[in-house]
Amino acid sequence: MSVENRLSGPLPDVAGEAGHTGHPPRVGFFTDTSVCIGCKACEVACKEWNAVPEDGLDLLGMSFDNTGALGANSWRHVAFIEQQRPLGGQSPGLEGLPTGPSAIDVTTAFVAEELREAPRGGGGLGTSPLPRAPEDLGMPSFDLPGATTGAEGRTDFRWLMASDVCKHCTHAGCLDVCPTGALFRTEFGSVVVQQDICNGCGYCVSGCPYGVIDRRPDDGRAQKCTLCYDRLHDGLEPACAKACPTDSIQFGELDELRERAARRVEDLHERGVTEARLYGHDPSDGVGGNGAFFLLLDEPEVYGLPPDPVVPTRELPAMWKYAGMAASALLAAAVASFGSFGSFGSFGSFGRKRR
């Protein structure tokens, strides 16, 4: 099979280009960060299934995160971003419920009247009703949360949480620069490192536009997400997606995931969450689209993602072109120099003969 060597742009059949015939459809991840709760179940499941070593349990001092970034021992990383946010810009869809925004009248009335009269435990538990006033219990007077406070009493921030992972790029810089063939494209379209072939040169680390792949300090070999290649062979979804309790991490055929993601963004826009946008889904971007893409609620930089990633080898043809031009110019200068030197030498010899 002839393989077309394309270094950038859309590539409809990445597995076929890698030499796989009769392969299954390309699969990947769609991560909807709008429903991520930061539970880190994906991190734990990834470590347990793939035997990824523990990389520290202490918080970093800047958030509730304990990993900080993807690395050789963190194939999944859940970012915790505390962000100042003007009130009223995003609603979780809980209006009218006691857990809804305290700024709306219906919630205030519900908390102030209905819950104050309800049996303890929310009713139906066989417990007696609470007294009308806390003073009856010998307790100081207080207001129930949301009963008398409005928007001015709420903290002006929100959490942005997102589970990051290797993007399994269409044009993977790590794969392009690996000198030993340790990285290879699977029949599912993912990119995997073969540990027994990796020599620890580190070219892949600098070749990744996302800073995903990393080397372990003990043996120097490169490590990253494999999309649970062994589980895919058995018809199972990756461990992280299996463990995600909110379906923030969704696994499936990439084309179907892109359609699902587009519908999700449209739905969020209709609900007033206009900042929702997709990242890494476009086959015309600098890496030809990702096998793992995201729905974000802010700019990519907020999540530590590059705004316009480009696979380094995309500029390889132009680099060779300019290198050839430079070499030609150098050769022409050398020929001219030797020609001038030869003329000068002939003149000198002629002069000596005359004498």
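Residues numbered from 1 in each chain as written. Predicted model: local features only at pLDDT ≥ 70, side-chain atom pairs only at ≥ 80, totals over all residues. Heavy atoms only, no water.

1. Topic: a nonpolar patch on the surface
For step 1, the next point in the chain: Nonpolar side chains collect at one region of the surface, where Leu59, Phe64, Phe157 and Trp159 lie side by side and expose about 400 Å² of accessible area between them.
For step 2, the next point in the chain: In this structure, Phe157 sits in strand 3 (residues 157-164). (Patch = residues over 30% accessible without salt bridge, like charges linked within 9 Å, V, L, I, M, F, W, Y side chains within 5 Å. Areas by Shrake-Rupley, 256 points an atom, 1.4 Å probe, with all protein chains shown as cover. Salt bridge = Lys/Arg side-chain N within 4 Å of Asp/Glu carboxyl O. Helix = DSSP H or I, 4+ residues; strand = E, 2+ residues; numbered from the N terminus.)

2. Some details on unusual backbone geometry
For step 1, the next point in the chain: Its identity as a non-glycine residue notwithstanding, Lys40 has a phi of 65°, on the positive side.
For step 2, the next point in the chain: With respect to the helices, strands and loops of the structure, Lys40 is situated in the loop between strand 1 (27-32) and helix 2 (41-50).

3. Observations concerning the environment of Asp65
For step 1, the next point in the chain: Along the chain, the position of Asp65 falls in the loop between helix 2 and strand 2 (77-84).
For step 2, the next point in the chain: The residues contacting Asp65, other than those within four sequence positions of it, are Lys40, Asp58, Leu59, Leu60, His77, Val78 and Phe80.
For step 3, the next point in the chain: A polar contact is formed between the side chain of Asp65 and the side chain of Lys40, at a distance of 3.3 Å.
For step 4, the next point in the chain: Reaching out from Asp65, the side chain makes a polar contact with the side chain of His77 at a distance of 2.6 Å. (Contact = heavy atoms within 4.5 Å. Polar contact = N/O pair within 3.5 Å; in protein donor to acceptor, adjacent residues only side chain to side chain.)

4. Focus on the confidence of the model for the chain
For step 1, the next point in the chain: Summarising the model, the chain shows a mean pLDDT of 79, and 70% of its residues fall at 70 or more.
For step 2, the next point in the chain: Every residue in residues 92-103 is under pLDDT 50, and counting partners more than four places away or in other chains gives 23 contacts.
For step 3, the next point in the chain: Counting interchain partners and residues more than four positions distant, the pLDDT-below-50 stretch residues 134-142 has six contacts. (pLDDT = per-residue confidence, 0-100.)

5. Description of the side chain of His168
For step 1, the next point in the chain: By the secondary structure assignment, His168 is in the loop between strand 3 and helix 4 (173-177).
For step 2, the next point in the chain: Of the polar contacts made by the side chain of His168, one reaches the backbone nitrogen of Val191; its length is 3.1 Å.
For step 3, the next point in the chain: Here His168 is in contact with Arg26, Arg185, Ser190, Val191, Lys224, Cys225, Thr226, Leu227, Asn290 and Gly291, once residues within four sequence places are set aside.

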